[in-house]
Amino acid sequence: MREDLLKLKNIGETSADWLIAIGIDSVSQIEELGAAEVYRRLRARFPVSRNMLWALQGALLDIPYNQLPESLKQALLEELRG
């Protein structure tokens with residue numbers, strides 16, 4: 001539900017609307033698919049930047065996106081490439 005998505009750190013109204021538009025309406029779906037896959041699906045439909053990737057992972061970890069360790073950012077980028 002949109003309200004559940006809005007409770008996540010780093011997810012605002014536009015991000016929640018975009019997630020719902022691609023069929024993601026729960027935290028468990030983001031967890032199941034992983035931040036990289038959700039980002040991949042968002043990028044196919046919307047003008048998202050890498051900050052959205054960081055925001056999704058931060059939401060899963062309950063931390064602000066700008067506090068993600070660089071090593072985790074690099075692992076996410078590798079996952080996107082693979």
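Caption draft 1: Here's a closer look at the confidence of the model for the protein chain. Confidence in the prediction for the protein chain averages 96 pLDDT; 100% of positions are at 70 or higher. Per-residue pLDDT, averaged within each element of the protein chain, yields its smallest value for helix α1 (residues 2–6) (93) and its largest for helix α4 (residues 35–45) (98).

Caption draft 2: Representation of the nonpolar core within the structure. In terms of nonpolar packing, the biggest core is built from 24 residues, with I11, L19, V38, L42, L53 and L56 touching the most fellow members. Elements represented by at least two residues in this core include exactly α2 (13–21), α4, α5 (50–61) and α6 (70–81). With sequence-adjacent residues up to four places away left out, I11 is seen in contact with L5, L6, A16, L19, L56 and A59.

Caption draft 3: Highlighting the packing of α4 against α5. Packing of α4 against α5 brings their axes to within 9 Å, and their N-to-C directions diverge by 140 degrees. For the element pair α4 / α5, the angle class is oblique. As α4 runs across α5, the sense of the crossing is right-handed. In this structure, α4 contributes A35, A36, V38, Y39 and L42 to the contact, and α5 contributes R50, M52, L53, L56, Q57 and L60.

Criteria and thresholds
- Here the residue numbering is sequential within each chain, running from 1 through the sequence in written order.
- Two thresholds apply to this predicted model, a pLDDT of at least 70 for residue-level local features and 80 or more for giving and counting side-chain atom pairs, whereas whole-chain, interface and lining totals are computed over all residues.
- Side-chain measures here rest on the full set of heavy atoms in the structure, leaving out hydrogens and waters.
- For every residue, the predictor reports its confidence as pLDDT, a number between 0 and 100.
- The helix count covers DSSP runs of H or I at least four residues long, the strand count covers runs of E at least two residues long, and both are numbered beginning at the N terminus.
- The term nonpolar core refers to a set of buried residues drawn from Ala, Val, Leu, Ile, Met, Phe, Trp, Tyr and Cys, joined through side-chain atoms within 4.5 Å.
- The classification of residues rests on relative accessible area computed with a 1.4 Å probe and restricted to protein chains. Under 20% of the type maximum is buried, over 50% is exposed, and intermediate values are partly exposed.
- Contacts are residue-level and defined by heavy atoms, with any inter-residue pair within 4.5 Å sufficient.
- For helices, the fitted line uses only the C-alpha atoms of the stretch in contact; every axis is such a line through C-alpha atoms, and the angle between N-to-C directions lies from 0 to 180 degrees.
- With respect to orientation, any angle under 35 degrees is reported as roughly parallel, any angle over 145 as roughly antiparallel, any angle of 65 to 115 as roughly perpendicular, and every other angle as oblique.
- Left-handed describes a crossing whose near helix is turned anticlockwise from the far helix through less than a right angle; right-handed describes the clockwise counterpart.

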